[in-house]
Amino acid sequence: MVTGVQGYEFGLLGPLIGRRDGRELDLGSPMQRAVLVRLLLAQRRQCGLDHLIDALWEEPPVNAVRSVQTYVYRIRLSLGEERSRLETTPGGYQLDIPEQAVDVLRFERLVREGEALRAGRQPGPALRAFDAALALWSGEPLSGVPGPYAQRYRRRIAELRLNAQVAQLECADELGEHTRVATELVSLIADHPLREDLYALRMRALHHAGRAAEALAVYATARETMVAELGMDPGPELRELQARILSGTEAQDASEDPEFPEIAELPEAATGLRPQQLPPAPGDFVGRERLCERLRLALRPTAEAVALSVLSGIGGVGKTALALRVAHGIRGDYPDGQLYVDLRGDGDQPADPADVLVDFLLALGMPAAAIPATPSARAGAYRTLTADRRILVLLDNASDTAQVTPLLPGTPGNAALITTRHRSLVPPGATRFEVPVPDQREAVAMLGRFTGDAEIAAAPELARELVSACGQLPLALRIIGARAAARPGRGLGAQLLRLRAEEHQLDELRAGGMSVEATFQVGYRALAPEQARAMRLCALLDAADFPVAVAAVLLDRPEAETEEQLEHLVEAGLLEPHSADRYRFHDLVRAFAARRADREDPVAEREAALVRLTMFLHATLLQAMSATEQAGSLTTHLFSVPLPGLRFADAEQARTWLLAEHTLLVAVFSRVCATSRTPRGSSPPRCR
């Protein structure tokens, strides 16, 4: 905020504040603040009463005029002068506060000055003007100020700020600060992925720094984004810039931007900082004692190798909470710092390890201008800075081994802890820990921590039924706890009744920003179409587990291909292996997949899959009966089906199959009997 003339200063580039002679003013209610903002931005000109009303309401109430008059009166009191600076004029009001006392007005003036200096080919003074303008920002402009005028002004000033940032970086690039420009544009492009001028500026900065290959990679990223989001290639400016870089006709200046300065030349701060980046551990963490202890032992610093552990498990099982709990508990073993990053491995845009390395190097004290250009050089600098130190790195939500490998320290004494949904993510030398769904006792304890132990003590049986309805999934239990806190009078019984309504089960498991369905949706969106289809059709089985042969019939695919699809689901954390050739869903994952099937698969396709499976099981039953009965048995009186079913070598093998699949048989036949619909083109089987 800028010191104002005659003691006044007003800050609009962040939460609205006002001071007079250093004393903070009481600016009143949100609506009163909206009136003050409109008057300040009139810049000492008259502001009509109708303009003030339009600033506050899309549809003004009947008492709008009286309300505005009241707000104006209170603003006069808050300014606290004998002779008010807020005067009534014919048809409106005029506030006599000079431009230099209002940060946003000074921001706009500095931006205009910077643009004029740029037009006059004075990049140095222009850069200083833009730097001064952008330094005035302290948060979201007009934060907490209501009304349509404030909303429109926020959009306008945000666009002006972005343009000023671009102009600032263009000036810096002209002055030879190419690495700084390229680095700062990474976050700007992430926030504004459709702004072609940002890609162009980063391409030029990288090319000027002698990094033509990276500049061309930026073009490839821009093109991929434009095609995916807009269905079109980049505009002529980007295409022509790419062509000039390819042909070597684009000017290049790398004289002041070495790609990889020697580590020995870095300031001492580059090896002396101790980053403390761990997010807070959840205060309501409970249970997992044995797994916590095993993880602590695996992460003890050793003189032989980097201590490396991986936590895998389905979404919502509590991997991050467990990792943070353990990481905070062993901070004393790693006194040189802790690094943390969410790698967004299950989203559409996983974090680029090259960009993460920039953040890590900055946290370890390396100046931005000294950060190497290439990913491999950054990884080398990172391992140099972590050598002979004790640093713990927590890589949360990783996608694959290739993403985490550059982020692992290289020398003994350090440690890395990785969380992921992907079971195959196990870097060389790592110990993998599967994070299971807690047992009933531990799940009840978790629920008690979230809802309050008194609720559990009052109705222990209800609590056990409730955790069972939640599939004992920690995320679901946390959501139930949040809902109980929001509705303390509802009780566990009401929560249970709502969860038992199967069609609404997933709808009940969301609160605030938490959602079980959204957590599963992240992994589901990443599946290939055939994998997603396999997940949906297998969810038609309301059974504890199922073999590959049954899934193959549902999918109408060969067993080898079916097993490959199921293994993809296991890898994505959406299906669990149960034995050598059997799989199972978590109850809530099955509910999610069944909902997707209802929404995405035609009824006829689902019914045809169930009829195929029914016929297969029927045929297999006939084979089992033939293997166990004498000639002339009941099998001669049952109808035949067009599928062969499984064949059994002897009666013992048939009995083993019947024992293994009796639950599946009951579930499938019960479901088929409960529906009266038959797919078009087929008829119900009949006895001969």
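Residues numbered from 1 in each chain as written. Predicted model: local features only at pLDDT ≥ 70, side-chain atom pairs only at ≥ 80, totals over all residues. Heavy atoms only, no water.

Participant: So, a nonpolar patch on the surface: which residues are in play, and what are the values?
Facilitator: A cluster of nonpolar side chains, contributed by Leu194, Leu230 and Met232, occupies part of the molecular surface with about 280 Å² of accessible area. Tracing the chain through its elements places Leu194 in the loop between helix H7 (178-191) and helix H8 (196-208). (Patch = residues over 30% accessible without salt bridge, like charges linked within 9 Å, V, L, I, M, F, W, Y side chains within 5 Å. Areas by Shrake-Rupley, 256 points an atom, 1.4 Å probe, with all protein chains shown as cover. Salt bridge = Lys/Arg side-chain N within 4 Å of Asp/Glu carboxyl O. Helix = DSSP H or I, 4+ residues; strand = E, 2+ residues; numbered from the N terminus.)

Participant: How would you sum up the confidence of the model for the chain? Please name residues and give values.
Facilitator: Within the chain, residue pLDDT values average 82, and 88% of them lie at 70 or more. This model gives residues 254-271 a pLDDT under 50, and the stretch forms 33 contacts once residues within four places in sequence are excluded. (pLDDT = per-residue confidence, 0-100. Contact = heavy atoms within 4.5 Å.)

Participant: I'd like a description of the sheet that holds strand S9 (residues 392-398), backed by residues and values.
Facilitator: Strands belonging to one sheet form pairs held by backbone hydrogen bonds; the direction of such a pair is parallel or antiparallel. Taken in spatial order, the five strands line up as S8-S9-S10-S7-S11 in an open sheet, and their pairing is parallel. For this open sheet the edge positions go to strand S8 (338-342) and strand S11 (431-434), each flanked by a neighbour on one side alone. Between one strand and the next, the sheet's axes are offset by a mean angle of 15 degrees, whatever the strand orientation. Sheet analysis places S8 next to S9, joined by five bridges and oriented parallel. Paired with Asp342 across the bridge in S9 is Asp396. Sitting on the sheet, helix H11 (residues 289-298) touches strand S7 (307-312), strand S10 (415-420) and S11, and the angle it makes with S11 is about 170 degrees. (Pairing = 2+ DSSP bridges. Axes fitted to C-alpha atoms, helices over the stretch in contact; angles between N-to-C directions.)

Participant: Now, about the nonpolar core: what can you tell me, with residues and values included?
Facilitator: Within the largest apolar cluster, 93 residues are counted, with the highest numbers of intra-cluster contacts made by Leu473, Val516, Met535, Phe546, Leu566 and Leu613. Among the nonpolar cores identified, the runner-up in size contains 81 residues, and Leu40, Leu134, Ala172 and Val218 belong to it. (Core = buried A, V, L, I, M, F, W, Y, C linked by side-chain atoms within 4.5 Å. Buried < 20%, exposed > 50% of the residue type's maximum accessible area, 1.4 Å probe, protein only.)

Participant: Summarise the packing of helix H6 (residues 148-174) against H8; cite the residues concerned and give the values.
Facilitator: Running from amino to carboxyl end, H6 crosses H8 at an angle of 15 degrees, the nearest separation of the two axes being 11 Å. If you check the angle between H6 and H8, you find them roughly parallel. The chirality of how H6 crosses H8 is left-handed. Facing Val166, Leu169, Glu170 and Asp173 of H6, the residues of H8 in contact are Asp197, Leu198, Leu201, Arg204, Ala205 and His208. Split by residue class, the contact of H6 with H8 holds five nonpolar, one polar and four charged. (Parallel < 35°, antiparallel > 145°, perpendicular 65-115°, else oblique. Left-handed = near helix turned anticlockwise from the far one by under 90°. Nonpolar A, V, L, I, M, F, W, Y, C, P; charged D, E, K, R; others polar.)

Participant: Could you give an account of the packing of helix H9 (residues 212-230) against helix H10 (residues 236-247), naming the residues involved and the relevant values?
Facilitator: Running from amino to carboxyl end, H9 crosses H10 at an angle of 155 degrees, the nearest separation of the two axes being 10 Å. Comparing their axes, H10 and H9 come out roughly antiparallel. Crossing of H9 over H10 shows left-handed handedness. Here Ala212, Ala215, Leu216, Tyr219 and Ala222 of H9 lie close against H10, whose contacting residues are Leu238, Arg239, Gln242, Ile245 and Leu246. Looking at the contact of H9 with H10 residue by residue, the class counts come to eight nonpolar, one polar and one charged.

Participant: Just give me the short version of a negative patch on the surface, but keep the residues and values in it.
Facilitator: Together, Asp50, Asp54, Glu58 and Glu59 make up a region of like negative charge exposed at the surface. Tracing the chain through its elements places Asp50 in helix H2 (residues 49-56). By relative accessible area, Asp50 is classed as partly exposed at 46%. (Lys, Arg positive; Asp, Glu negative; His and termini not counted. Charge placed at Lys NZ, Arg CZ, Asp CG, Glu CD.)

Participant: Now, about the sheet that holds strand S16 (residues 582-584): what can you tell me, with residues and values included?
Facilitator: Here we have three strands laid out as an open sheet, ordered S14-S16-S15, and antiparallel in their pairing. The open sheet is flanked by strand S14 (546-547) and strand S15 (576-579), the only strands paired with a single partner. Bridge count between S15 and S16: three bridges; the pairing is antiparallel. Directly across from Pro577, in S16, lies its bridge partner Tyr583. Across the sheet, helix H25 (residues 559-571) touches S14, S15 and S16, and the angle it forms with S16 is around 40 degrees.

Participant: How would you explain the packing of aromatic side chains if you had to name every residue and give the values?
Facilitator: Summed over all chains, the structure comprises seven aromatic pairs. With 5.5 Å between their ring centres and 80 degrees between their planes, Tyr524 and Phe592 make a pair best called edge-to-face. On the criterion of sequence distance, the pair formed by Tyr524 in helix H22 (residues 516-525) and Phe592 in helix H26 (residues 587-600) is long-range, its members being 68 residues apart. Each member of the pair, Tyr524 as well as Phe592, carries the same accessibility label: buried. (Phe/Tyr/Trp six-rings, centres within 6.5 Å; stacked < 30°, edge-to-face > 60°.)

Participant: Provide a residue-level description of helix H24 (residues 548-555), including the pertinent values.
Facilitator: Of all eight residues that make up H24, eight are buried, and the element is covered over most of its length. All of the buried residues in H24 are Val548, Ala549, Val550, Ala551, Ala552, Val553, Leu554 and Leu555.

Participant: Tell me about the environment of Pro367, residues and numbers included.
Facilitator: By the element assignment, Pro367 lies in the loop between helix H13 (353-363) and helix H14 (375-386). Judged by its relative accessible area of 31%, Pro367 falls in the partly exposed class.

Participant: So what's going on with the pattern of salt bridges? Residues and values would help.
Facilitator: The tally for this structure, following the rule as stated, stands at 30 salt bridges. A salt bridge links Arg211 to Glu214, with the nearest nitrogen and oxygen atoms 3.0 Å apart. Overall, Arg211 belongs to the buried group, its relative accessible area being 8%. Each of Arg536, Arg596, Glu600 and Asp601 takes part in one network of salt bridges that share partners.

Participant: Break down the side chain of Arg288 for me, citing the residues and quoting the values.
Facilitator: By the element assignment, Arg288 lies in the loop between H10 and H11. Not counting chain neighbours up to four residues away, the residues in contact with Arg288 comprise Val317, Leu322, Val435, Pro436, Val437, Pro438, Glu442, Met446 and Pro474.

Participant: Could you give an account of the pairing of strand S5 (residues 86-89), with specific residues and numbers?
Facilitator: Across four bridges, the pairing between S5 and strand S6 (residues 92-95) is antiparallel. Bridging across to S6, Leu86 finds its partner in Leu95. Where S5 hands over to S6, the hairpin turn is made up of two residues, of which Gly91 adopts a positive phi near 90 degrees.

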